[in-house]
Amino acid sequence: MFMSFISLIFKNPFRNKSRAILAIIGIGIGIATIVALGAITAGLTSTMDETLHAGGSDFSISGKTDNSGTSTNPLGTSTFSEDWVSTIGNVSGVKNAAGVYIGMVSVPDSRFFTLIGIDSKDTAFADLKLTKGKMFSNNASEVVLGKISADKLNKTVNDTLEINGEDYKITGIFETGDPNQDEGAYSSLANVQDLMDDPGNISMIYVKVNSGVDVDSVTKTIEDKYSDNITTVTSISDIETVANALDMVNSASFAISLLAIIIGGIGIINTMIMSVYERTREIGVLKAVGWKGRRILGMILGESVVLTVTSGVIGSIIGVVGLEILVYLGILGGMTPMYTPYIFLQAFGVAIIVGLVGGLYPAWRASRLPPTEALRYE
């Protein structure tokens, strides 16, 4: 009896295939958007956190968003004087400090190519594993190219790469395991400063503290002394502009979730009411053979949830496939989406809520049908 009840719940929603497909597509689009936005947000957060802690650095230092730096780096903060590298290096507890410049440059077939400038003696912070060739020299027009970029641009060691109209010799190919870094390139700090027309400035400072030293105490010391000019960053949420941008994406995801609940709920109400209307006589028979109102209620609610969970599965697949197509086409640049369990839990949570909210009224209506009237219905 129980298995028969379960089989009805899974079979009934798809009796009218056209109506079921339309309902699934309508809700699935909202679910796909939730998954896509969530994966993009998680990917951006992961990428930026990896950038902030490159090479195992304990924390990073960035410029202020409202200072007088001459340009703005991809993290949304202004560049600042590289003189700060020696200042931070002399702070008690700091083992090493390295200045870097993160620039977006133009190369053949790509107008938005990530080029990172760093002194060759500090490349340990970048955690680069050279698979071919050697590291660049500080006093030459040389770069080391990420493996993914090398494959895309069909370049290898000793080839020339045109960057912002200038030729640079490729001295090595590196691989980090991070797709975002492996799609870019590294050169000397001075080269990148010149290419970005921002001499003497840097995007951030990677900081490594001495073994046994408390990182929080070092960051507090720096903040107490220099907070008017620079900002210590231990996580991406410490960068106000980036945190605000991520908050906007999260707010958009919440708004879409709410919209999906409202629109999906209306769609499910319509679908389930029509289903109940068409099965009035059948429901009357079920009541006549002893089915209680709450059993009818459970069946209709279950059918509604089956529809929306199916929408959740299909919507999640569409979201993932759609994002991967965008990645393949290079539309997302170097950003790699990250699919976390939370994203899919959120998507299916929305789907279940839509099913319960949308199916409640039709289920209640079906459970209240008088069996005698339902049996007379043609």
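Conventions and cut-offs
- Starting from 1, residues in each chain are numbered consecutively following that chain's sequence as written.
- Local features are withheld for residues below a pLDDT of 70 in this predicted model, meaning they are given only at 70 or higher, and side-chain atom pairs are given and counted only at 80 or more; totals for whole chains, interfaces and linings count all residues.
- For the side-chain quantities, the full set of heavy atoms in the structure was used; hydrogens and water were omitted.
- Distance thresholds for patches are 9 Å for like charges and 5 Å for nonpolar side chains (Val, Leu, Ile, Met, Phe, Trp, Tyr), applied to residues having over 30% relative accessible area and no salt bridge.
- To measure how exposed things are, a 1.4 Å probe is used in the Shrake-Rupley method; for residues, cover is taken only from the protein chains shown.
- Salt-bridge detection follows one rule: a side-chain nitrogen of Lys or Arg within 4 Å of a carboxyl oxygen of Asp or Glu.
- Strands here are runs of E lasting at least two residues and helices are runs of H or I lasting at least four, both read from the DSSP assignment and numbered beginning at the N terminus.
- Ring pairs shown here join Phe, Tyr and Trp side chains whose ring centres sit within 6.5 Å, with only the six-membered ring taken for Trp; geometry is labelled stacked below 30 degrees between planes, edge-to-face above 60, and tilted in between.
- Working definition: with a 1.4 Å probe on protein chains only, accessible area under 20% of the residue-type maximum means buried, over 50% means exposed, and in between means partly exposed.
- Throughout, nonpolar core names a set of buried Ala, Val, Leu, Ile, Met, Phe, Trp, Tyr and Cys residues whose side chains join them through atoms within 4.5 Å.
- How far a helix is expected to stretch is found by multiplying one less than its residue total by 1.5 Å.
- Within this analysis, the arc is defined by the directions that extend from the helix axis to the C-beta atoms.
- Note on definitions: a residue-residue contact is assigned when non-hydrogen atoms from the two residues lie within 4.5 Å.
- Axis definition: a line fitted to C-alpha atoms, limited for helices to the stretch in contact. Angles are taken between N-to-C directions and run from 0 to 180 degrees.
- These descriptions rest on fixed angle ranges, namely under 35 degrees for roughly parallel, over 145 for roughly antiparallel, 65 to 115 for roughly perpendicular, and the rest for oblique.
- Crossings are sorted by hand: turned counterclockwise from the far helix by less than a right angle, the near helix makes the crossing left-handed, and turned clockwise it makes it right-handed.
- Think of a polar contact as two N or O atoms within 3.5 Å of one another; within protein, one of them needs to be a possible hydrogen donor and the other a possible acceptor, and neighboring residues in sequence only count if both atoms come from side chains.
- A pair of strands is considered paired only if DSSP assigns at least 2 bridges between the two.

*Asks:* Explain a nonpolar patch on the surface to me, please; I cannot follow it from the model alone.
*Replies:* On the surface, Val-313, Ile-314, Ile-317, Ile-318, Val-321, Ile-325, Tyr-328, Leu-329 and Ile-331 cluster together to form a nonpolar patch covering roughly 910 Å² of accessible area. Along the chain, Leu-329 turns up in helix α10 (residues 293-329).

*Asks:* Explain the packing of aromatic side chains here, please?
*Replies:* How two aromatic rings sit relative to each other is set out by the distance from centre to centre and by the angle between their planes. In the structure shown here, the tally under the stated rule is four aromatic pairs. Look at Phe-174 and Tyr-186: their rings are 5.5 Å apart centre to centre, the planes differ by 75°, and that puts the pair in the edge-to-face class. Of the two residues, Phe-174 sits in strand β8 (residues 166-175) while Tyr-186 sits in strand β9 (residues 185-187), which places them 12 residues apart along the sequence. Neither Phe-174 nor Tyr-186 differs from the other in exposure class; each is buried. Taking the centre distance of 6.5 Å and the plane angle of 35° together, the rings of Tyr-339 and Phe-344 count as tilted.

*Asks:* What's the story with the nonpolar core in this structure? I'm lost.
*Replies:* With 35 residues, the main nonpolar core has Ile-61, Ile-88, Ile-163, Ile-205 and Ile-222 as its most contacted residues. The element contributing the most residues to this core is strand β3 (residues 94-107), with five residues. Grouped together as the second largest cluster of nonpolar side chains are 34 residues, Phe-5, Ile-24, Leu-301 and Val-306 included.

*Asks:* I'm lost on helix α7 (residues 215-226) in this one. Help?
*Replies:* The periodicity of an α-helix, 3.6 residues per turn, causes residues three or four places apart in sequence to face the same way. Taking 1.5 Å of rise per residue, 12 residues should cover 16 Å, and α7 covers 16 Å from first to last C-alpha, within 8% of that figure. Within α7, the full set of buried residues consists of Val-218, Thr-219, Ile-222 and Tyr-226. All buried residues of α7 project into a common sector of 95° when viewed along the axis, lining one side. Exposed side chains of α7 directed beyond 90 degrees from the buried face belong to Asp-216, Lys-220 and Asp-224. On its buried face, α7 sits against β1 (59-63), α3 (83-89), β3, β11 (204-209) and β12 (230-233).

*Asks:* I tried to follow the environment of Leu-189 on my own but got confused; where do I start?
*Replies:* By the element assignment, Leu-189 lies in helix α6 (residues 189-195). Along the primary structure Leu-189 and Asn-201 are separated by 12 residues, whereas in three dimensions their C-alpha atoms are 9.4 Å apart. For Leu-189, the residues in contact, after removing those within four places along its chain, are Glu-82, Gly-99, Val-100, Tyr-101, Gly-117, Ile-118, Asp-119 and Ile-202.

*Asks:* It is not clear to me how the packing of helix α9 (residues 280-288) against α10 should be interpreted in this structure. Could you clarify?
*Replies:* Between two packed helices, both the angle of their axes relative to each other and the distance between the axes serve to describe the pair. The interhelical angle for the contact between α9 and α10, taken along N-to-C directions, is 140°, at an axis separation of 10 Å. As far as their axial angle goes, α10 and α9 are oblique. Both α9 and α10 take part in a crossing whose hand is right-handed. Two secondary-structure elements touch here, α9 through Ile-283, Leu-286 and Lys-287 and α10 through Gly-293, Ile-296 and Met-299.

*Asks:* How should I be thinking about the side chain of Ser-187 in this particular structure?
*Replies:* Tracing the backbone shows Ser-187 in strand β9. Within the structure, the side chain of Ser-187 is placed 2.7 Å from the backbone oxygen of Glu-142, a separation counted as a polar contact. Once residues within four sequence positions are removed from consideration, Ser-187 is found in contact with Leu-115, Ile-116, Gly-117, Ile-118, Phe-136, Glu-142, Val-143, Tyr-168 and Val-192.

*Asks:* Teacher, can you tell me more about the pairing of strand β6 (residues 142-146) here?
*Replies:* The two faces of a sheet get side chains in turn, since along a regular strand they alternate between them. Counting buried positions along β6 gives five out of five residues, so the element sits mostly inside the fold. As judged from the five bridges shared by β6 and β8, these two strands associate in the parallel manner. In the sheet register, Val-143 faces β8, and the bridge partner there is Ile-170. Relative to β9, β6 is paired through three bridges, and the arrangement is antiparallel. Looking across to β9, one finds that Leu-145 is bridged to Ala-185.

*Asks:* Would you mind going over the pairing of β1 with me for this structure?
*Replies:* Of all five residues in β1, five are buried, a share of seventy percent or more. With four bridges connecting them, β1 and β11 associate as antiparallel partners. Bridge pairing in β11 links Phe-59 to Val-207. Bridge count between β1 and β12: four bridges; the pairing is antiparallel. Its bridge partner lying in β12, Ser-62 is registered against Thr-231.

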